Structure formats: structure tokens, C-alpha cells
Amino acid sequence: MDKLRFEFEKMITISDAEWQEVVPLFKYRQFKKGDIFHYGGEIMNNVYYLSKGIAKSYFYGDNGKEFVWQIYYNHASLTVKNAMMDDCVSFYEQNDSLLTFEALEDMECYEISWKALEALYASHSKWQYVGRVLTQGAYANAYKRIVSIMSQDSSSRYEALLVQYPNIFEYVKAYHIASYLGITPQSLSRLRKKLP
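Read on for an overview of the structure. Keep in mind it's a predicted model, so treat the numbers as computed, not measured.

## So, the packing of helix α4 (residues 114–123) against helix α5 (residues 125–151)
Turning to step 1, where the next piece is worked out: Running from amino to carboxyl end, α4 crosses α5 at an angle of 125 degrees, the nearest separation of the two axes being 5 Å. By the angle between their directions, the pair α4 and α5 is classed as oblique. The segment α4 lies against α5, with Leu120, Tyr121 and Ser123 engaging Trp127, Gln128 and Gly131.

Pasting the structure below:
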């Protein structure tokens, strides 16, 4: 929970007493590589903070092809992290989720339920602020991802990925990265040879 408190304290000041009220709302979870911790077609009633490991969210197109929506990581050797895991549309609107979430390696996380999060927001405006900042961040990431897919060619998307996450291939299999970039594994292989 120290990592989670550290993330929150980038946005707000938290006293020890306030933190002790928050801690019971989160449940510590561990998942093994390959574990699915949320299935598409179900309402996503929890938000997860990834404290260690790597995961992905994905969905299947009409043709049965898997599309990786997001890759999440909080790894000691990675300088950048993407640690908040949710399907915000399903979570906030309480509708069936499009996304399935899977651990790509053994991982540890903290989950909070929709009901507990709503209670936390109601308890103090500072938590509403944290929720707003995190939601805005998720929206901005989704916006940037959609715009890049719509406006950039595959080599530009690949180069941007390497700028943001230079050692991603050490931790995430190439076929997941290809799906995330919206290209075939063969196209990714050609890009890697051309633009190492």
C-alpha cells in the first residue's frame, strides 16, 4: 500500500489517520501469469492499482481477432509506469465491459470496489479530486491512443512506443505489442529490423 499512498500523495496531502481510513477499502490481490482477473461481458465492479508486474486488457473483433487495448506495468526496471487498470465506461456506467484483463507475468495489485470508491468520494472532496485526476488521465491516454491509430502510420506508432517505453520488448511479448500497435506480428518484425 506504500506505493499507492505515494501515488496519491503526488496529488494530495494525506495524514496517517486519513490513510488508515482508506487502507481497509482496498484488497490486496496476487495473480499468476496467464490469470484472467476480469472477463469481457461482465460489469467491471473494481478498479485495480498494479503495484508489481505486467498485465494487458484486450477484446475480440467480429472476426475473432484479439486487439490489445492497453498494456499495464509497474516494474522496478521500467522508468515509466501505467498502473491504473480499469474499464472506466463499464465501471462508472455499470454496463458490461468490452475488455478482458489478463496477467502477463506474476503480478500484485490492490483493488477497490465501485461501492467503496463511491463511499470514499463522498467522504471528502480531496478523494473526489484524486478520482477526477485519474479519470482525466485515463481519458487523455485513450484519446491519444485513438488519435495515434487514426492519424499515424505503423512506423510512427512504433517509434512513439519506443520513445515512451524503450525496453518494452524485454517484458512484453512481440505479438502483444503488435496487437497494441494495430499491426501484424510480421509487420512488427519488419519494423524492428528497419528501426531498431
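## Some details on the packing of aromatic side chains
Turning to step 1, where the next piece is worked out: In total, this model carries 14 aromatic pairs according to the counting rule given.
Turning to step 2, where the next piece is worked out: Between the aromatic rings of phenylalanine 37 and tyrosine 48, the centroid separation amounts to 5.1 Å while the plane-to-plane angle is 70 degrees, which identifies the pairing as edge-to-face. Placement of the pair is phenylalanine 37 in strand β2 (residues 36–38) and tyrosine 48 in strand β3 (residues 46–60), with a sequence separation of 11 residues. For the pair formed by phenylalanine 37 and tyrosine 48, the shared burial category is buried.
Turning to step 3, where the next piece is worked out: Both rings, one in tyrosine 158 and one in phenylalanine 169, keep their centres 6.3 Å apart while their planes meet at 55 degrees; by these two values the pair is tilted. One end of the pair, tyrosine 158, is in helix α6 (residues 154–164); the other, phenylalanine 169, is in the loop between α6 and α7 (174–181), and 11 residues separate them in sequence.
Turning to step 4, where the next piece is worked out: Among the aromatic residues, ring-to-ring pairing joins Phe31, Phe37, Tyr48, Tyr72 and Phe101 into one connected group.
Turning to step 5, where the next piece is worked out: Directly above the ring of tyrosine 58 sits lysine 56, whose terminal nitrogen or CZ lies 4.4 Å from the centroid.
Turning to step 6, where the next piece is worked out: Taking the ring centre of phenylalanine 169 as reference, the NZ or CZ of arginine 192 above it sits at 3.7 Å.

Cut-offs and rules
- Residues numbered from 1 in each chain as written.
- Predicted model: local features only at pLDDT ≥ 70, side-chain atom pairs only at ≥ 80, totals over all residues.
- Heavy atoms only, no water.
- Axes fitted to C-alpha atoms, helices over the stretch in contact; angles between N-to-C directions.
- Helix = DSSP H or I, 4+ residues; strand = E, 2+ residues; numbered from the N terminus.
- Parallel < 35°, antiparallel > 145°, perpendicular 65-115°, else oblique.
- Contact = heavy atoms within 4.5 Å.
- Phe/Tyr/Trp six-rings, centres within 6.5 Å; stacked < 30°, edge-to-face > 60°.
- Buried < 20%, exposed > 50% of the residue type's maximum accessible area, 1.4 Å probe, protein only.
- Lys NZ or Arg CZ within 6 Å of the ring centre and 35° of its normal.

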